[in-house]
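The chain contents come next:
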Amino acid sequence: MNIQTHENTLQDIIGHAKEYGFVFPSSEIYDGLQAVYDYGQNGVELKNNLKNAWWKAMTQLNDNIVGIDSSIFMHPTTWEASGHVDGFNDPMIDNKDSKKRYRADQLLEAKAEEYTLSGDKEKGDALLQEMGRLLGAEELEAVRELIISEGIKCPVSGTSNWTEVRQFNLMFSTQVGSVAEDSSTIYLRPETAQGIFVNFLNVQKTGRMKIPFGISQIGKAFRNEIVARQFIFRMREFEQMEMQFFVRPGTQAEWYEKWRDTRLKFHKAIGLPADKLNFHVHEKLAHYADAAVDIEYQFPFGFREIEGIHSRTDFDLRRHQEFSKKKMQYFDPEVNPETGKPFGNYVPYVVETSVGADRLFLAAFSQAFTKETITDGDNVKERTYLKFHPALAPIKAAVLPLVKKDGLAEIAQEIADSLKSSFRTVYDDSAAIGKRYTRQDLIGTPFCIAVDFETKEDNCVTIRHRDTTEQERVPISELKERISKAVAVERILEEI
């Protein structure tokens, strides 16, 4: 027998995700809303399983990390302190003929990628370096000239009739207050981290937390992306899973390395292979950081960031201390071996881990999506299935009576009812059993339990394993324990 696995395209993945209840275009009956998506009945289970694995990896495996859930709306001064009001911008450029708007940096990045793919990586790198220099110096007119000199054209109009480059703030704003004239402007949060920073002292004092310690959060964030693309990879409404780890100044480098390595282990543990993961170290750092690295996954459209690990120094807490006029300090009673005295009061440094839940979903889905051609002698057949880690699969087990008569349906329903309190289980008795196996393969169910005529005699059922299609006979009394162990999130946590 020969099995050939096929390369997947993004369109394959998008089509499968919609057809089998994972991701739908939002408001589709009204022709949708660009860069906004809804998670279907199977998608929400997969996403919740990913979030649960991340949450337990942070708060359950680490005695010094706790979680919070902060509000989407925050006092507007929060975003002044964080720098988002003045500095959270994208350089945008319009084509006068097509009236289409583009991110100037993405146009230049695409051109640099063209050079690299054509074998002139040096020229591509030089273009990126020059772009970075000009954007860093806010030389926007020079950015426009660079776009024109590189012969970059609008893909719609085919012309280089560009406007000037302008900075657009990515935050969504709205009004709070019941009367228009008395209302004030607030923002939908563009990241979840600030909710952690402003609650630093609340958590530290009420939890009696000692440095080093971390605060985790999962929550929605919103960015007015002008150019949103690549399915759920870049959206206007998305979900972040962030942990801010507060450390003593001077120790941030060792914690940065620890969390970089720990987070890579997590991605491997959920089923992303080492050869499809990559560290991208930031050469050009944000003004508040002293180290930064992205963990990238190889999507069908190339290596892209799924998580960032950043050593943010004391920028965030110090800025909130400055704008709020409240001390954001920690008293450290530990004795400094150099002075023989307590370290005393200081503003902690922060090491951040930030992973996009939607990007992680797309990575897990892309990796799981498997199309095979199986050749066995003269027989050739195609097979498509989702090879999720069992702990992540939306449905863990499907109970399938061979036929609906002779009491098999009743036995199968009883088995399903006995399992559903332990893990997600479905009962299905429609169509031939082969079609039902295929149906479960297409949504990634790792175990199918077939109830046949022999079950009435020996109280055993046949378990079919998704990845290998192998079958084994198992006593009904052992089902719950065996499957529970196989699908437990502990299987992931043990690998971290």
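See the structure above.
Every chain is numbered on its own, with residues counted from 1 as its sequence reads. Confidence filtering applies because this is a predicted model: local features only for residues at pLDDT of at least 70, side-chain atom pairs given and counted only at 80 or more, and all residues used for totals across whole chains, interfaces and linings. Excluding hydrogens and water, the side-chain values take into account all heavy atoms of the structure.

Caption draft 1: Broad picture of the sheet that holds strand E11 (residues 237-247). Ordered in space as E4-E10-E11-E17-E14-E13-E12, the 7 strands form an open sheet in which the pairing is mixed. Each end of this open sheet is capped by a strand with a single partner; those strands are strand E4 (65-67) and strand E12 (277-281). On average, each strand axis in the sheet is inclined to that of its neighbour by 25 degrees, with strand direction left out of account. Pairing of strand E13 (residues 291-299) with strand E14 (residues 302-313) involves 9 bridges; the strand directions are antiparallel. Each bridged residue has a counterpart across the sheet, and for Tyr297 the counterpart in E14 is Arg304. Should any heavy atoms of two residues lie within 4.5 Å, those residues are counted as being in contact. For helices, the fitted line uses only the C-alpha atoms of the stretch in contact; every axis is such a line through C-alpha atoms, and the angle between N-to-C directions lies from 0 to 180 degrees. A run of DSSP states H or I qualifies as a helix once it reaches four residues; a run of E qualifies as a strand once it reaches two. Both are numbered from the N-terminal end. The sheet strands contacting helix H2 (residues 41-59) are E4, strand E10 (213-222), E11 and strand E17 (349-356), and the helix crosses E10 at an angle near 160 degrees. Strand pairing is assigned whenever DSSP identifies at least 2 bridges connecting the two strands.

Caption draft 2: Highlighting the packing of aromatic side chains. Pairing of aromatic rings covers Phe, Tyr and the six-membered ring of Trp, with a centre-to-centre limit of 6.5 Å; geometry is then stacked below 30 degrees between planes, edge-to-face above 60, and tilted otherwise. This structure, assessed with the given rule, holds 20 aromatic pairs. Summarising the aromatic geometry, the rings of Trp54 and Trp55 are spaced 6.2 Å apart at their centres and angled 45 degrees between planes, so their arrangement reads as tilted. On the basis of relative accessible area, Trp55 is assigned to the partly exposed category, the value being 28%. Pairwise contacts between aromatic rings join Phe22, Tyr39, Phe361, Phe365 and Phe388 into one cluster. Comment: the charge-over-ring label is applied if NZ (Lys) or CZ (Arg) is within 6 Å of the ring centre and within 35 degrees of the ring normal. Positioned above the aromatic ring of Tyr385 is the side chain of Arg383, whose terminal nitrogen or guanidinium carbon lies 3.9 Å from the ring centre. The ring centre of Tyr437 lies 4.6 Å from the NZ or CZ of Arg464, which sits over that ring. Only protein chains enter the accessibility calculation, which uses a 1.4 Å probe; a residue is then buried when its area is under 20% of its type maximum, exposed when over 50%, and partly exposed in between.

Caption draft 3: Here's a closer look at the side chain of Gln240. Along the polypeptide, Gln240 turns up in strand E11. Those residues in contact with Gln240 that sit more than four places away from it in its chain are Pro190, Glu191, Thr192, Gln217, Ile218, Gly219, Ala221, Arg223, Ser354 and Val355.

Caption draft 4: Layout of the pairing of strand E5 (residues 89-94). Counting buried residues in E5 gives 5 out of 6 residues, a clear majority hidden from the surface. In the sheet, E5 pairs with strand E6 (residues 101-103) via 3 bridges, with the strands oriented antiparallel. Looking across to E6, one finds that Asp94 is bridged to Arg101. Hairpin connection, E5 to E6: the antiparallel pair is bridged by 6 residues, and Lys99 has positive phi, about 65 degrees.

Caption draft 5: View of helix H10 (residues 252-269). Any helix carries an expected span of 1.5 Å times its number of residues minus one. Under the 1.5 Å per step criterion, the end-to-end length of H10 is 25 Å for 18 residues, consistent within 8% with the ideal 26 Å. For H10, every residue scored as buried is listed here: Gln252, Trp255, Tyr256, Trp259, Thr262, Arg263, Leu264, Phe266, His267 and Ala269. A positive backbone phi angle near 115 degrees is found at Gly271, which sits one or two residues after H10.

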